[in-house]
Amino acid sequence: GQNIDQPTEMTATEGAIVQINCTYQTSGFNGLFWYQQHAGEAPTFLSYNVLDGLEEKGRFSSFLSRSKGYSYLLLKELQMKDSASYLCAVKGNNRLAFGKGNQVVVIP
Amino acid sequence: GAVVSQHPSRVICKSGTSVKIECRSLDFQATTMFWYRQFPKQSLMLMATSNEGSKATYEQGVEKDKFLINHASLTLSTLTVTSAHPEDSSFYICSASPAVGQETQYFGPGTRLLVL
């Protein structure tokens, strides 16, 4: 089975940096995804990690440590439009298991 | 980029009726499509995995006779909620994986179902 844990909510100021953590336990591992989900909308893909280390994509970076069952998503230069839920999803046994998501609220 | 559409985006129906939701991959072929359900402030829960030309694989606890899935072509999967009840009210989201190469799943915009 799969178990994914994420903190539930955080508030940050426009222009700041936030780090969203995700820990997981899974019987099989084929990669970890981060998605952004605005209220009432479907998730949009942000990043994919399958090997240990940091993947950088513009203002967003994602880190993976497979031995620790740990990942984080780093959001830099926060903008108001970044207010959303950020979902960590682990792929194992050909299916994605999602965490509950971390709600990020960006304030001016 | 890969685009997945869903129709309808929102549906309200009476208890006991059936509702069909379509999921289409618009610019790629998808051998596998996934159906998720999301209740408010909850995570996405996988309901079933749909493979083109074969029977869907349902997750534990999901009634296959209630949630009928058909994946008739490489670009279309449908989910029919039969004899819907108020507890079936939820946000239903499909996703699709390209036939070749990528691990990423691309999500449709979701269908909000309200059963009265």
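None of these values were measured; they are calculated from a predicted model.

Quick notes on the rules
- Residues numbered from 1 in each chain as written.
- Chains lettered and ligands numbered in written order.
- Predicted model: local features only at pLDDT ≥ 70, side-chain atom pairs only at ≥ 80, totals over all residues.
- Heavy atoms only, no water.
- Disulfide = S-S within 2.5 Å.
- Helix = DSSP H or I, 4+ residues; strand = E, 2+ residues; numbered from the N terminus.
- Patch = residues over 30% accessible without salt bridge, like charges linked within 9 Å, V, L, I, M, F, W, Y side chains within 5 Å.
- Areas by Shrake-Rupley, 256 points an atom, 1.4 Å probe, with all protein chains shown as cover.
- Salt bridge = Lys/Arg side-chain N within 4 Å of Asp/Glu carboxyl O.
- Contact = heavy atoms within 4.5 Å.
- Polar contact = N/O pair within 3.5 Å; in protein donor to acceptor, adjacent residues only side chain to side chain.
- 1 Å grid on protein atoms, 1.4 Å probe; cavity = no way out; pocket = protein on both sides within 12 Å on 5 of 7 lines; lining within 4 Å.
- Points joined across faces, edges and corners; volume = space filled by probe spheres on them.
- Nonpolar A, V, L, I, M, F, W, Y, C, P; charged D, E, K, R; others polar.
- Phe/Tyr/Trp six-rings, centres within 6.5 Å; stacked < 30°, edge-to-face > 60°.
- Buried < 20%, exposed > 50% of the residue type's maximum accessible area, 1.4 Å probe, protein only.
- Lys NZ or Arg CZ within 6 Å of the ring centre and 35° of its normal.

K.L.:
So, the state of the cysteines: which residues are in play, and what are the values?
P.N.:
Residues and elements named next belong to chain A. Enumeration over the complete set of coordinates arrives at two disulfides over all chains. Bridging cysteine 22 to cysteine 88, the disulfide has an S-S length of 2.0 Å. Its torsion about the S-S bond being -60°, the disulfide of cysteine 22 and cysteine 88 is classed as left-handed. In this pair, cysteine 22 is assigned in strand S3 (residues 18-26) and cysteine 88 in strand S9 (residues 84-92), connecting sequence segments 66 residues apart.

K.L.:
Which residues make up a nonpolar patch on the surface, and what values do they have?
P.N.:
Taken together, the side chains of Ile12, Leu114 and Leu116 of chain B define a hydrophobic patch exposed on the protein surface, amounting to about 310 Å² of accessible area. With respect to the helices and strands, the residue leucine 114 of chain B is situated in strand S11 (residues 111-115).

K.L.:
Break down the environment of threonine 111 of chain B for me, with residues and values.
P.N.:
Residue and element names in this part refer to chain B. Mapped onto the elements, threonine 111 comes out in strand S11. Linking threonine 111 and threonine 17, residues 94 residues apart in sequence, is a C-alpha distance of 16 Å. Contacts of threonine 111, omitting those with residues within four sequence positions, involve Gln6, Pro8, Ser9, Val11, Ile21, Ser90, Phe91 and Tyr92. Of the polar contacts made by the side chain of threonine 111, one reaches the side chain of glutamine 6; its length is 3.1 Å.

K.L.:
Run through the layout of surface pockets, naming residues and quoting values.
P.N.:
To find leftover empty space, a probe the size of one water molecule is rolled over the atoms. Its boundaries defined by the atoms lining it, the largest pocket holds a volume of some 510 Å³. Gln103 of chain A together with Gln38, Pro40, Lys41 and Gln42 of chain B are the residues nearest the centre of the largest pocket, which is lined by 24 residues in total. Within the residue set of the lining of the largest pocket, elements represented by two or more residues are S9 and strand S11 (102-107) of chain A together with strand S9 (90-97) and S11 of chain B. If one sorts the elements of the lining of the largest pocket by residue count, S9 of chain A sits on top with three residues. The residue makeup of the lining of the largest pocket, split by class, is seven nonpolar, twelve polar and five charged.

K.L.:
Can you lay out the packing of aromatic side chains for me, pointing to particular residues and giving the numbers?
P.N.:
In the structure shown here, the tally under the stated rule is 15 aromatic pairs over all chains. An angle of 20° between the planes, with centres 5.1 Å apart, marks the rings of phenylalanine 63 of chain A and tyrosine 72 of chain A as stacked. With relative accessibility at 24%, the residue phenylalanine 63 of chain A sits in the partly exposed group. Summarising the aromatic geometry, the rings of phenylalanine 67 of chain B and tyrosine 92 of chain B are spaced 6.5 Å apart at their centres and angled 40° between planes, so their arrangement reads as tilted. One end of the pair, phenylalanine 67 of chain B, is in strand S7 (residues 67-73); the other, tyrosine 92 of chain B, is in strand S9, with 25 residues separating them in the sequence. Here phenylalanine 67 of chain B and tyrosine 92 of chain B have matching classes, each one buried. Every member of this aromatic cluster is reached through a ring pair, and the members are Phe33, Tyr35, Phe45, Tyr48 and Phe98 of chain A together with Tyr36 and Phe107 of chain B. Stacked on the ring of phenylalanine 67 of chain B, the Lys or Arg lysine 66 of chain B has its end atom at 5.9 Å from the ring centre.

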